[in-house]
Amino acid sequence: MDYMDFLKIQLKNLVAIDTTNPPGNESEAVTYLASIFESEGIEYETAEPAPGRGSIVARIRGNGSARPLMLLGHLDVVTAQAEDWTHHPFSATESDGAIWGRGTIDMKGLLATWLTLMFKYKREQRVFPRDIVFAATADEEAGGHLGLAWLAKNRPDLVDCEWALNEGGGNSFTLGGKTFVTYQSGEKAGCPVKLVTRGTAGHASIPTPDNPVHKLAAALTALQRAALPEHMTDTVRAFLSEVSEGLGGSQGTAISMAVRMGQVSKAIELAVRDPFLQAGLQAMLRNTAVPTMLSASTKLNVIPGEAFAELDCRILPGQSRESLLRELEGALPGDVELVNERCGQPSESPPDSPLSTIIRDAVKVHLPEACVVPFLSPGATDARYLRPRGTLVYGFAPMLPGEKVNLAHGVDERISLRSLGFGLRVLDDVVSTAARTHQ
Ligand SMILES: [Zn+2]
């Protein structure tokens, strides 16, 4: 059996099932996966908290001497406008050495890899100390409430595990000529804030001194100029120490000295020239507040009584709604009201553990030149529902350096067959080693 062929077929079949969320329609993919588990004799359970919103959890039993290892993934994808694409986003076309389609990177490629490993270990009749649990869930792209969050609340028996591997890491960046491969050990949480300014409403033929639109503009300019304070997390501390060790030489020494002096932001400015990478690393250091939506008057000739800006705010592990609001109050003029109605839960796993050692060792075999570093993701994944249960979760979907991972959620999303094969080999090592490793 060529497992790479199996993986390719599974990825194409999964991409061809349109699970755009909303509406989701994950149950069609659940039915498909159930048919494979059925024919292979792999035990599974399904759940459907709302019509069409299915999740499936399958299991290869271990000998019971260690707690389960979960291979986690979400079934839903974000929307795609077919007319913008080179190949139809649900055609799963194979072209130019890649499989094209919505979800190939985020994250049906990893899901198909998990499925292939389940299939392989079952065919090989492997019995590990740990159960290997395959969980494909609904609704991640819209917050996971009808997916993993629902399972964790209503079927905790299905998601109970000591370790889990998920999306969110495994890509790489280069710095000082070195390749760094990431695994995600922490993630921020969304905590949206609305800025409100007030003034006297009136006819726009006569300017007023307290126009709320001017106040809003002043507030947003103040926000742009202010740098919210830095907060060190375990992940970023480990990240910086690995990067400085990996770089070595004067660049490495400069970073470790700057960290010791508490000038991390400066160190990143000096060490990283690529503006995209620079911005990503700066976002790992602090809570962020990015204005995205504005509203004020609905008529040209009416000065409004209120003006609004919506801020997409993201908070670090260890931070809270209260600490974010305090920081924003410090950065903004006094006549601005801040409204926050919901706030997610950031999460972090210890960046150093037996599981991270397994990941490092596997990368060393397949990409000997690379350094492996923990990474804090600015966006949330379903890991947020497992970490509070005490599960150690890393995001690790290994791809070859240079893979266009930034096409996730974009036009012409695709994954190269070389990366898919690389991921399968690395993850086979990681999963089979982790499944037999006791803590
Ligand atoms: Zn995803």
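The shown structure was predicted, so the numbers you read here are calculated from the model rather than taken from an experiment.

1. A closer look at the domain arrangement of the protein chain
Assigned domains of the protein chain: these are domain 1 (3-174 + 347-435), domain 2 (189-229 + 286-345) and domain 3 (232-285). Measuring from the centre of the C-alpha atoms in domain 1 to the corresponding centre in domain 3 gives 30 Å. Across the contact, 11 residues belong to domain 1 and 13 residues belong to domain 3. With 5 residues, the top contributor of residues to the side of domain 1 that touches domain 3 is strand S18 (residues 371-377). Classifying every residue of the side of domain 1 that touches domain 3 by side-chain character gives 9 nonpolar, no polar and 2 charged.

2. So, the nonpolar core
General note: in soluble globular proteins, nonpolar side chains tend to be found buried as a group. Within the largest apolar cluster, 97 residues are counted, with the highest numbers of intra-cluster contacts made by Leu71, Met118, Ile132, Val133, Phe134 and Ile359. Top element by residues in this core is helix H3 (residues 104-123). It accounts for 10 residues. Two domains each provide a minimum of three residues to this core, namely domain 1 (3-174 + 347-435) and domain 3 (232-285). Those residues in contact with Ile132, other than ones at most four positions away along the chain, are Ile60, Leu69, Leu71, Met118, Tyr121, Val431 and Ala435.

3. With respect to the environment of Asn21
Mapped onto the elements, Asn21 comes out in the loop between helix H1 (3-16) and helix H2 (26-40). Between the C-alpha atoms of Asn21 and Ser95, which are 74 residues apart in sequence, the distance is 26 Å. In this structure Asn21 touches Asp76, Val77, Asp139, Glu141 and Ala142, once residues within four positions along its chain are discounted.

4. Points about unusual backbone geometry
Residue Pro23 is reached from Pro22 by a cis peptide bond, and omega for that bond is 5 degrees. Relative to the helices and strands, Pro23 resides in the loop between H1 and H2. The omega torsion of the bond from Asp106 to Met107 falls at -10 degrees, within 30 degrees of zero and hence cis. Structurally, Met107 is set in helix H3. Even without a glycine there, the phi angle at Asn25 is positive, about 60 degrees. With respect to the helices, strands and loops of the structure, Asn25 is situated in the loop between H1 and H2.

5. What to know about the packing of H3 against helix H14 (residues 417-435)
Between H3 and H14, the least distance of the axes is 10 Å, while the angle of their chain directions is 50 degrees. In this view, H3 runs oblique relative to H14, as classed from their interaxial angle. As H3 packs across H14, the resulting crossing turns out to be right-handed. Two secondary-structure elements touch here, H3 through Gly109, Thr113, Thr116 and Leu117 and H14 through Leu420, Gly423, Leu424, Leu427, Asp428 and Val431. Here the contact of H3 with H14 is composed, by residue class, of 5 nonpolar, 4 polar and 1 charged.

6. Topic: the environment of Lys364
Mapping Lys364 onto the fold places it in helix H12 (residues 354-366). When the 13 C-beta atoms within 10 Å are taken as the criterion, Lys364 is described as partly exposed. Separated by 62 residues in sequence, Lys364 and Val426 place their C-alpha atoms 9.8 Å apart.

7. Quick look at the packing of helix H8 (residues 249-260) against helix H9 (residues 264-271)
At a closest axis distance of 8 Å, the pairing of H8 and H9 adopts a crossing angle of 165 degrees. Considered as vectors, H8 and H9 are oriented roughly antiparallel to each other. Here H8 runs over H9; the crossing is right-handed. In this structure, H8 uses Gln251, Ala254, Ile255, Ala258 and Val259 to contact H9, whose residues at the interface are Val264, Lys266, Ala267, Leu270 and Ala271.

8. Re H12
The end-to-end C-alpha distance of H12 is 19 Å, a good match for the 18 Å that 13 residues give at a rise of 1.5 Å each. Restricting attention to buried positions, one finds in H12 the residues Leu355, Ser356, Ile358, Ile359, Ala362 and Val363. Projected down its long axis, H12 carries its buried residues within an arc of 155 degrees, all on one side. Buried residues belonging to H12 abut strand S7 (163-166), strand S9 (178-187), S18, strand S19 (392-395) and H14.

Here is what the cut-offs are and how they apply
- Residues numbered from 1 in each chain as written.
- Predicted model: local features only at pLDDT ≥ 70, side-chain atom pairs only at ≥ 80, totals over all residues.
- Domains from an automatic or database assignment.
- Contact = placed C-beta atoms within 7 Å.
- Helix = DSSP H or I, 4+ residues; strand = E, 2+ residues; numbered from the N terminus.
- Nonpolar A, V, L, I, M, F, W, Y, C, P; charged D, E, K, R; others polar.
- Core = buried A, V, L, I, M, F, W, Y, C linked by C-beta atoms within 7 Å.
- Buried ≥ 20, exposed ≤ 12 C-beta atoms within 10 Å, placed from the backbone.
- Axes fitted to C-alpha atoms, helices over the stretch in contact; angles between N-to-C directions.
- Parallel < 35°, antiparallel > 145°, perpendicular 65-115°, else oblique.
- Left-handed = near helix turned anticlockwise from the far one by under 90°.
- Expected span 1.5 Å × (residues − 1).
- Arc of directions from axis to C-beta.

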